[in-house]
Amino acid sequence: MSAAAVSAQRTGWEHFPHEADVGVRGFGATIEEAFQQGALALTAIVTTAKVEESMSVQVKCQAPDPELLFAEWLNLIIYEMAVRKMLFSRFSVRIHGNHLTGTMWGEPIDVARHAPACEPKGATYTALKVAADADGRWSAACIVDV
Amino acid sequence: MDPARFTRVDETAWRIEPEGAMRVPAIIYADEQLIRDMDDKVYVQAANVAMLPGIVQASYAMPDAHWGYGFPIGGVAAFDPEQGGVVSAGGVGFDISCGVRTMLTGLKVADLLPVQRSLAESLFHQIPAGLGSTGAINLDAIDMDAMLKGGARWAVQRGWGEPHDLDRIEESGEMAGARPNCVSDKAKERQRREMGTLGSGNHYLEVQAVAEILDEAVAKRYGLAADDVVVTIHCGSRGLGHQIGTEFLRDMAITAKDHGIVLPDRELACAPIKSEVGQQYLGAMRAAINCALANREILGHFARRVFQHFFPGQTLDLLFDVSHNTCKVEPHTVEGNRRELFVHRKGATRAFGPGHPSLPATLRDVGQPVLIGGSMGTGSYILSGAASSEDKAFSSACHGAGRAMSRHAALRQWSGRQIQDDLAARGILIRSPSTRGIAEEAPGAYKDVNAVVQAAEAAGLASRVARLRPLICIKG
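What counts and what doesn't
- Residues numbered from 1 in each chain as written.
- Chains lettered and ligands numbered in written order.
- Predicted model: local features only at pLDDT ≥ 70, side-chain atom pairs only at ≥ 80, totals over all residues.
- Helix = DSSP H or I, 4+ residues; strand = E, 2+ residues; numbered from the N terminus.
- Rg over C-alpha atoms; globule rule 2.2 N^0.38 Å.
- Buried ≥ 20, exposed ≤ 12 C-beta atoms within 10 Å, placed from the backbone.
- Contact = placed C-beta atoms within 7 Å.
- Pairing = 2+ DSSP bridges.
- Axes fitted to C-alpha atoms, helices over the stretch in contact; angles between N-to-C directions.
- Nonpolar A, V, L, I, M, F, W, Y, C, P; charged D, E, K, R; others polar.
- Expected span 1.5 Å × (residues − 1).
- pLDDT = per-residue confidence, 0-100.
- Parallel < 35°, antiparallel > 145°, perpendicular 65-115°, else oblique.
- Left-handed = near helix turned anticlockwise from the far one by under 90°.

This paragraph deals with the overall build of chain B. Along the backbone of chain B there are 15 helices and 19 strands. For 476 residues, the compact-globule estimate of 2.2 N^0.38 gives 23 Å, and the C-alpha radius of gyration of chain B, at 21 Å, lies within 12% of that figure. Each of the three principal axes of chain B carries a C-alpha extent, and together these read 60 × 50 × 45 Å. Buried positions account for 63% of the 476 residues belonging to chain B. For chain B, restricting intrachain contacts to residue pairs at least 6 apart in sequence, the fraction spanning at least 24 positions comes to 77%.

So this is what it looks like as C-alpha cells:
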C-alpha cells in the first residue's frame, strides 16, 4: 500500500524502508487498531498470499510504556509464527494500562502457497514510535529485523 | 555522508571527534567513495556507541558499515569491566553468532559442471531453508542443554560432523562460559526443531569457484587454488538467538536507568558487565554462540552427505568457521597496557593476524581466514587477518558487501524470477522457496564487495587471499 493511500484513510498499514531490514507502521482510530494494523504489516513482510483464518491463538504481554508494549506485541507474534509454524491474517487487541491481550487468527505455513520471503527475527527499538496525531489518529511503528 | 564532516586520518580512516556525550572518538574505515555512499545514520550510530560507559579507545565502523539498529552493522566496540564497561544486547544483535564457514571440496569446476543442476536441486531439498522449514533433529531438554554447552563439539559427538573440524572453528567449536540456565524456556522452545536449518533473509549455502588468487602463498596454506570448488554457509543461532536478543534487549532497556546509564538510543540497551543482568546475558549469549557453531557444523554435515552422493570419497574439509555477531572477552593492548576487554562485533569479523596464540597451529603463521560474503551475483572473498588489525580495530574486519539499498527499494526495482533467469544465464543457479526473497537480496541491492575488501586491505584490517564466484546459491 502506498504511503499516500495510507495517509488518506484512518485505518491501515505500511512498510517503510530501512537499509538492511523493514519498517512496519499501523494506523487506526485507537491505539488498539494501530497495533492490529502493525501486526498485519508484519505478516506482509513474510507473504502477500492469502492466509486463511482456520485457527486462533490467544496471547498476552505487558511493558512499562506503549512503545515497548508494541515491540512486545510484535515479538509475541514472531514467537508464535516460529514455534507454531503459522502465519496470521487477523488480529484483535485489547489494552488496559500496561497490559495487552490479543487474539490472532491464521493457518499453518504452506511453503508452496505462501512462498515466505523471509523470517522475522525480532522487533527492534529503532524507529519505535507509538503516538496519536493532532486529529486523534494513532500510529505504531518500528523496524523489524529480518 | 559528506566527507567534510570527518577528520581524515589517512586514505581509509575517517575520524569523528568526540563531542557532546561521546567518551571516545568514532573511526570509520572506508575509501572516500564508500564514505560518500554511506548512510548518514552510520555517522549517528557510530557516535552514539561512543557514548556508552566504559568504551575503550574508539567506536569503530568497518568499510561495509550500514544503518543498523543501535550499533551500525559493521560496528566494533570494546568495553573494560574495570571502568564501568557494559555489555549490550543491541551491540550483538538478534542473530547471535551469525557467521560463515567455508569447506574445501577437493573438486575443480570442470568436475562439478556436469552435475551442477542436479546438485542444486539436491542441496535445495536436503538443506531446510526459510520460514516454515523444520529440521530433522528434535531436541529434548537434556539434549538442548548439552548442545548449548557443547556447541560444534556436541554436534560432532552426535555424529553430525568430523572431530578434525573443531580445530578450524573459533573457540575450537565450544564457547566457554555458556549458561543454559540463563536461556529462557521460550528461547529453547523456539530452537527445539530448528537445528540444522539455514534460516532466511541474507542467509545462504553457496557452492563457489575460486575465481582469482590474490596471495599465492597464503592461498596455498589455506588449501585454495584457482578453479577449486568450495562450499560456504552463512547462518547463525536461529530462533534461539533471536529470542535471547529480544528478551535481553527489553530487560536491558528497562533496567538501564537503574544502573545510571543514559541511552542515546533505546536499541543500545546495555548493562554493566559486572551486573546480574549483564552476567546473565553473557551466559545466555555464549550458549547462543554454541547453538550457532553446532548449527553450522550440522549444516556442513548435511552438505557433505549430498556431496558424497555425487562425488563419493570427497571429504569437504573445513577451511574455517568464524562468527560476525558476538561479544568476546579478549586481551588487547591499549596505551601500552594489556587489558581484558569485552569486544562487541556486530556485522564485523574477528580477524586475528599472524602469530595470534588462539589460532590453530596449522594457520598461526599466516593469520586467520576472514570469510566475506558478497551478493549472490557478484561473489565473495577470503581474506587473512592482518597483524595491524589489532591496533586498528581490536583485530576486526568487514563481514560482507553491506547493503546499499533497502529491501523495499529492491522489490520495486527487480523481479525475483528475472534475477533467477539472468543469473542462470551466467551459470549461477539460485534455489529459494520465494522469488520475492530473491528480489529483496538482488545483487544490485548490495555495495560493491570489491571496493569493500580493497578498503579493508588498504586500512590494514585484513589482506585479500582469494575471490570466489557463485555456482549454486540456496537461499532461505
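After that view of the structure, there is still more to cover.
Right, let's talk about the overall build of chain A for a bit. Helix and strand content of chain A: four helices and eight strands. Starting at the N terminus, the α and β elements of chain A follow one another as α-β-β-α-β-α-β-β-α-β-β-β. By the compact-globule yardstick of 15 Å for 146 residues, chain A fits well, its C-alpha radius of gyration being 14 Å. Seen along its three principal axes, the alpha-carbon backbone of chain A occupies a region of about 45 × 30 × 25 Å. Looking at chain A as a whole, 53% of its 146 residues are labelled buried. Taking all contacts inside chain A whose residues are at least 6 apart in sequence as the whole, residues at least 24 apart take part in 59%.

Residues and elements named next belong to chain B. Of note, Phe248 is situated in helix α9 (residues 238-255). We classify Phe248 as buried; it has 28 C-beta atoms within 10 Å. As for Phe248 and Val42, which are separated by 206 residues in sequence, their C-alpha atoms are 24 Å apart. Residues within four places of Phe248 in sequence aside, it is in contact with Ala89, Tyr281 and Ala284.

This part is about the sheet that holds strand β12 (residues 325-334) of chain B. Consider a sheet: its strands pair through backbone hydrogen bonds, and that pairing is either parallel or antiparallel. All names here are of chain B. On the basis of which strands lie adjacent, the open sheet formed by seven strands has the order β1-β2-β3-β4-β5-β13-β12 and mixed pairing. The open sheet has two edge strands, β1 (7-10) and β12, and neither has a second partner. Along the sheet, successive strands turn relative to each other by an average axial angle of 25 degrees, direction set aside. Where strand β5 (residues 71-79) lies against strand β13 (residues 337-346), five bridges are found, and the strand directions are antiparallel. Along β13, the bridge assignment pairs Phe79 with Phe342.

The accessible area lost on association of the parts is a frequent measure of interface size. Between chain A and chain B, the contact holds 30 residues from the first and 41 residues from the second. Sorting elements by how many residues they give to the side of chain A that touches chain B places helix α3 (residues 66-84) of chain A first, with five residues. In terms of residue class, the side of chain A that touches chain B is built from 19 nonpolar, six polar and five charged.

What follows concerns the sheet that holds strand β3 (residues 55-62) of chain A. Residue and element names in this part refer to chain A. The strand order across the open sheet formed by three strands is β3-β5-β4, and the pairing between neighbours is antiparallel. Taken across any chain shown, the strands that pair with only one partner, and hence form the sheet edges, are β3 and β4 (86-96). Put simply, the sheet's adjacent strands are angled 20 degrees from each other on average, direction ignored. In the packing of α3 onto the sheet, the strands contacted are β3, β4 and β5 (99-108), and the crossing angle to β3 comes to about 140 degrees.

Between its terminal C-alpha atoms α9(B) stretches 26 Å, which fits the 26 Å expected from 18 residues at 1.5 Å a residue. Burial of α9(B) is extensive: 14 of the 18 residues sit out of reach of the surface.

Next up on the list: the confidence of the model for chain A. Mean pLDDT over chain A: 92, with 94% of residues reaching 70 or higher. Averaged pLDDT values over the elements of chain A bottom out at 51 in helix α1 (residues 3-7) of chain A and peak at 98 in β5(A).

Another point: the pairing of strand β8 (residues 204-213) of chain B. Residue and element names in this part refer to chain B. In terms of residue burial, β8 counts as a mostly covered element, since eight of its ten residues are buried. Alignment of β8 against strand β9 (residues 228-235), held across six bridges, turns out to be antiparallel. Paired with Leu205 across the strands is Ile233, a residue of β9. Across nine bridges, β8 lies against strand β19 (residues 462-475) in antiparallel orientation. Directly across from Leu205, in β19, lies its bridge partner Ile474.

With that out of the way, let us pick up unusual backbone geometry. Residue and element names in this part refer to chain B. Phi is positive for Gln57, close to 75 degrees, though the residue is something other than glycine. Relative to the elements of secondary structure, Gln57 occurs in strand β4 (residues 55-69). Judged by the 18 C-beta atoms lying within 10 Å of it, Gln57 is partly exposed. Backbone geometry at Glu335 places phi at a positive 50 degrees, although glycine is not the residue there.

All names here are of chain B. Interhelical geometry of helix α6 (residues 141-157) versus helix α10 (residues 276-310) gives an angle of 20 degrees and a closest axis separation of 7 Å. One finds that α6 runs roughly parallel with respect to α10. Pair α6 / α10 crosses with left-handed handedness. On the side of α6, the interface is formed by Met147, Leu148, Lys149, Gly150, Gly151, Ala152, Trp154, Ala155 and Val156, while α10 contributes Ala287, Asn290, Cys291, Leu293, Ala294, Glu297 and Ile298. For the contact of α6 with α10, the per-class residue count stands at eleven nonpolar, three polar and two charged.

Take the environment of B:Ile96 next. All names here are of chain B. Within the secondary structure, Ile96 is located in the loop between α3 (89-92) and β7 (99-108). Separated by 145 residues in sequence, Ile96 and Gly241 place their C-alpha atoms 5.1 Å apart. Not counting residues up to four positions away in its chain, the partners in contact with Ile96 are Gly236, Ser237, Gly241, Ile244, Gly245, Met285, Ala288, Ile289, Ala292 and Asn325.

What follows concerns the pairing of β13(B). Across ten bridges, the pairing between β12(B) and β13(B) is antiparallel. Its bridge partner being in β13(B), B:Thr333 is matched across the sheet by B:Arg338.

Time to look at helix α15 (residues 449-458) of chain B. Inspection of α15(B) places B:Val449, B:Val452, B:Val453, B:Ala455, B:Ala456 and B:Glu457 among the buried residues, and these make up the whole buried set. B:Gly460, located one to two residues past α15(B), shows a positive phi value of around 80 degrees.

What follows is about the packing of helix α2 (residues 31-46) of chain A against α3(A). Residues and elements named next belong to chain A. At a minimum axis distance of 10 Å, the contact between α2 and α3 shows a crossing angle of 40 degrees. In terms of orientation, α2 and α3 fall into the oblique class. Our pair here, α2 against α3, has a crossing hand that is right-handed. Between α2 and α3, the contacting residues are Ile31, Phe35, Gly38, Ala39 and Leu42 on the first element and Pro66, Phe70, Trp73, Leu74 and Ile77 on the second.

Next up on the list: the environment of B:Asp365. Residue and element names in this part refer to chain B. Considering the arrangement of structural elements, one finds Asp365 in the loop between β14 (349-350) and β15 (369-375). A residue is classified by how many C-beta atoms lie within 10 Å of it, and Asp365, with 11 of them, is exposed. Distance in space between the C-alpha atoms of Asp365 and Ser384 is 11 Å, their sequence separation being 19 residues. What Asp365 contacts, discounting residues up to four positions off in sequence, is Pro354 and Gly355.

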